[in-house]
Amino acid sequence: GYYAAYANGSNGTLTFGCDACGVDSYNPSNSKVGPQACLSCPARSGTLMVNATTSLAGCHCDAGYYKSVTSVSTSCTPCPTDTYNEVTSVLSVSGCLSCPVNSVTLADAQANVSGCVCIAGFYGSTASSCARCPNGTHNPAIGAALLASCLACPDDAFSRADSEQCVCAPGHYGDPPGAVDCAKCPRDYYQPLAAMTALSACLACPAAAAAVNGSAQCTCIADHYGNPALGVACTPCPNASSAFEGSTLLTDCTCNLGYFGRFPSDDNCTFCPGNATTAGPDTANVSGCGCVPGYFGDPKRNVTCQTCPANSSTVLGATLVDHCFCVNGTIGDPGEGQECARCPAFSSSLPGSNNYSQCFCIPTYFGEIMEGNFTDENSTEEGASYNGSCTACPANAETPRGSTDLEDCQCAPGWYGSPVGNVSCRACPGMATSPLGSEDLSDCRCISGFYGAPGRSVTCVACVSNSASEQGSEYSGNCSCNPGYYGDPGASSTATTCQACPANSYNALSDQVTVSACVNCTARAISEAASPGVTSCVCPQGAYGDPGSGGSCTLCPANTYNSLTSLTVVSACVACPANAVTLLTGSTGKTDCICDRGYFAQWTAGVLTCYSCPVGTYSSTQGITAEAQCVQCPANASAPTASDALEDCACVAGLRTNATTRECRECPRGTFSAAANPEETCTACLSNSYSSWGATSCTCDPGYYGYANASSPCLACPSSFYNPTRGAVSSAACVSCPTFSGSDAASVDLYQCACTPGYYGLPPSGIACTACPTNTSQPLANVTNSSWCVSCGGGAATPSGSADCAA
């Protein structure tokens, strides 16, 4: 912990002392001289402000680190991500504490729990207070502190608590994280899963099932039952029965009006007996059947329904003739056998009336009908059972029903006078009217759309075009422009016109003076000039949406088009034919579809078909209209059908392709390409094989045999064999050397065959190998004459052809 320190004294003597090693250093040895003897603590560690530390053990790792000891070193290692360590001197990673649940760190080596923050989908001011974002919200960011960080999902999207991202709800498709709004599956399609991103996820409803836009499941159509969501097919209700849309069980089917029965106890619905019906659908048995109006009887007791007497009727379910009553305009008592007689001329009665005093004059007539059999001069008719008659009011006058006196007659609307005072009803002047009972010209008022004072002999004048006024208006200032227009038609004695709101705008209010009253339709929406409301706004060709409800118009996606206006769903955008595209979104007609790269167009009877550019050609341009516009690959190169770039052209076997020009050059010697080759290089031949320029394969060298490929490499002919031929594929090509001669492996001709030791000769020249005589030896190969056969000394005896004189 100390080191020796020497210094020159004031008297020239050398002084000696021991100085302590400083903070964050240590010295484990005695007798060390100089401050260099103090070793620095490892990085991220210290001695806790202590001097004279004597060993490495006195160095303590900083907060956020732990001591890591190996056989060769000691170091301070950062606590891993999502952990922290608030104290020093931690001796292992287990001293690093995990962040609270639902929190993480943004880096390692955190020295405090404050380094932990809430994970995505949560929020909280501290790591210990992380709360889930509520359902229907999302938070993609780590470290959110406030609830406001939880953002509401867009329309038709949802999230569960603690979600990082919103996804489209069942019945929809899209990609909210990718800024693609959720769209509803089309009518009669469904989509039961969340988080679907493509229209193709929407499935067609099965037979007899239906769904509204944006449905997660299909339900059975009316008059069917089943449960498509559970795989139960929709079955028609039995004959003469019906069910509401969405019915799931046979018991939901009920017999129609006029039938009775109950499922499943009955197999079908039975028609009520003749002239009988039911009070409503869902009648269980015949007791619910009753005679129709105008008939009486008791079907449930097998009493047939009979017709009421003439001019009489009944309510539904009448069982006796006593229930028959006289109809409007007649009187009598059918139940008592009294026929229903008609009321006198120009009079009527209510249903069920049984004497003439209940007859009353119809409108515009007056008088009083009385019961009785009068025969004196006051009787209306000789022998009649009533007295009195109905008299018409004077011309252009009218009365309410049941009027009894001339005083009840009043001039009809649009007329004035006093019928009672013998003053005829006169018509109001042109384009004027008056209320019922008007007696004087002053009661006349101009009709709607006109102004004036006919009561003061001021003629009614029409408001200017596209404007209106209330009934009784007297001045031009009472005229105001209709919805869809603006202006001030009554601004002066010379009326101004009402101007139409411009196209693509609307005005739902009347009496608007300036063009600022015209409200623009939402983005991309259109409307005709003079549109009177927001519902006049529709999407143009090439777009879809519902601007009439305040929504906006979205352009049809790329590779689709829409030639109609007023369409509201993306499914109305028609897909281009196969292999056709559009250059932009929002295309308005099928002629905007052009063939994609690699295809050419042909129109037949207004239908576009895109044909592939043939083999050996390509088209890097969209919209070509003839096969001749497909570009030919360079010489000796080819491309598959529908190729869309020069890069698709590859040179045929034996050639290599220039990466830029796609021109073809022969593979160099010693290389090959066995098939179309799009690369600039060819494959090198394997060892012991060779190829010439432009080769499609390699062949084995002389002395070898095989197919020169990975599965059949070139193998050397064995020793004592040779092969003079290039391209041998089997060992049968290896020729054996003559008798008593041999050669090295991979020999290529007879000249490599030489006589073996103990023999002499020259096989390549046709001189066979001959054995050296007995009692001689010859230890060398390739000896050509007998002079090399050396006699064995010492009386050794050897057989002929010996390589040495071994006894």
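Quantities reported herein were computed from a predicted structural model and do not represent experimental measurements.

Enquirer: Even after reading the chapter, I still don't get the environment of V581, so can you show me in this structure?
Expert: Residue placement: V581 occurs in strand β63 (residues 580–581). Along the primary structure V581 and D592 are separated by 11 residues, whereas in three dimensions their C-alpha atoms are 8.2 Å apart. Not counting residues up to four positions away in its chain, the partners in contact with V581 are N559, C576, D592, C593, I594, D596 and Q622.

Enquirer: I'm lost on the state of the cysteines in this one. Help?
Expert: In protein structure, a disulfide is the covalent linkage between the sulfur atoms of two cysteines. Evaluation of the coordinates by the stated rule reveals 43 disulfides. Covalent S-S linkage joins C237 and C253, the inter-sulfur distance amounting to 2.0 Å. In this structure the cystine formed by C237 and C253 twists about its S-S bond by roughly -70°; its chirality is therefore left-handed. Placement of the pair is C237 in the loop between β26 (232–236) and β27 (241–242) and C253 in the loop between β27 and β28 (254–255), with a sequence separation of 16 residues. Look at C237 and you get buried, because its relative accessible area is 11%. No disulfide involves C18; its nearest neighbouring cysteine sulfur is the one of C21, lying 11 Å away.

Enquirer: Please explain the packing of aromatic side chains as it appears in this structure.
Expert: Any pair of aromatic rings gets described here by the distance separating the centres and the angle formed by the planes. Counted according to the given criterion, the structure contains four aromatic pairs. Taking 5.0 Å as the distance between ring centres and 55° as the angle between the ring planes, the aromatic pair formed by Y259 and F271 counts as tilted. Here the residue Y259 occupies a position in strand β29 (residues 259–260), and F271 occupies one in strand β30 (residues 270–271), the gap between them amounting to 12 residues.

Enquirer: Help me out: how do you make sense of unusual backbone geometry in this one?
Expert: In the segment running from F263 into P264, the intervening peptide bond is cis, with an omega of 5°. Relative to the helices and strands, P264 resides in the loop between β29 and β30. Backbone geometry places A52, a non-glycine residue, at a positive phi of 60°. Phi at R662 is positive, roughly 65°, even though this residue is not glycine.

Enquirer: Teacher, can you tell me more about the pairing of strand β83 (residues 759–762) here?
Expert: If a strand is regular, its side chains alternate between the two faces of the sheet. Here β83 runs beside strand β84 (residues 767–771); their pairing, made up of three bridges, is antiparallel. Its bridge partner lying in β84, L762 is registered against I767. Joining the antiparallel neighbours β83 and β84 is a turn of four residues, in which G766 adopts a positive phi near 85°.

Enquirer: I keep staring at the pattern of salt bridges and nothing clicks. Help me out?
Expert: In a structure, side chains of opposite charge can pair up when their charged atoms sit close to one another. Considering all chains together, one arrives at six salt bridges under this definition. Measuring nitrogen to oxygen at the nearest pair gives 3.2 Å for the salt bridge that ties D282 to R262. With D282 in the loop between β31 (276–278) and β32 (289–291) and R262 in the loop between β29 and β30, the pair connects residues that are 20 residues apart, well separated along the chain. Its salt-bridge partner being R301, residue D298 comes within 2.5 Å of it at the nearest N-O pair. Classification of D298 by relative accessible area gives buried; the value is 10%.

Enquirer: Where do I start with the side chain of T399 in this structure?
Expert: Residue placement: T399 occurs in the loop between β45 (397–398) and β46 (410–411). Only 3.0 Å separates the side chain of T399 from the backbone nitrogen of T364, close enough to count as a polar contact. Apart from the residues within four sequence positions on either side, T399 is in contact with I362, P363, T364, Y365, C393, D408 and C409.

Enquirer: Can you help me understand the layout of surface pockets in this one?
Expert: Rolled over the atoms, a probe with the dimensions of a water molecule shows which regions are left empty. When its volume is computed, the largest pocket comes out at roughly 940 Å³. Along the walls of the largest pocket sit 32 residues, with D181, C182, A183, Y544 and T554 positioned nearest its centre. Those elements that place two or more of their residues in the lining of the largest pocket are β19 (172–175), β20 (180–184), β59 (543–545) and β60 (553–555). Of all the elements, β20 adds the most residues to the lining of the largest pocket, at five residues. Among the residues forming the lining of the largest pocket, the class breakdown is 14 nonpolar, 12 polar and six charged.

Enquirer: How should the environment of F721 be read in this particular structure?
Expert: Tracing the backbone shows F721 in strand β79 (residues 721–722). Overall, the relative accessible area of 28% leaves F721 in the partly exposed class. F721 sits 14 residues away from V735 along the chain, and the two C-alpha atoms are 5.2 Å apart. Those residues within four positions of F721 in sequence are excluded, and the remaining contacts are C734, V735, S736, C737, S743, D744 and S747.

What counts, and where the lines are drawn
Residues numbered from 1 in each chain as written. Predicted model: local features only at pLDDT ≥ 70, side-chain atom pairs only at ≥ 80, totals over all residues. Heavy atoms only, no water. Helix = DSSP H or I, 4+ residues; strand = E, 2+ residues; numbered from the N terminus. Contact = heavy atoms within 4.5 Å. Disulfide = S-S within 2.5 Å. Buried < 20%, exposed > 50% of the residue type's maximum accessible area, 1.4 Å probe, protein only. Phe/Tyr/Trp six-rings, centres within 6.5 Å; stacked < 30°, edge-to-face > 60°. Pairing = 2+ DSSP bridges. Salt bridge = Lys/Arg side-chain N within 4 Å of Asp/Glu carboxyl O. Polar contact = N/O pair within 3.5 Å; in protein donor to acceptor, adjacent residues only side chain to side chain. 1 Å grid on protein atoms, 1.4 Å probe; cavity = no way out; pocket = protein on both sides within 12 Å on 5 of 7 lines; lining within 4 Å. Points joined across faces, edges and corners; volume = space filled by probe spheres on them. Nonpolar A, V, L, I, M, F, W, Y, C, P; charged D, E, K, R; others polar.

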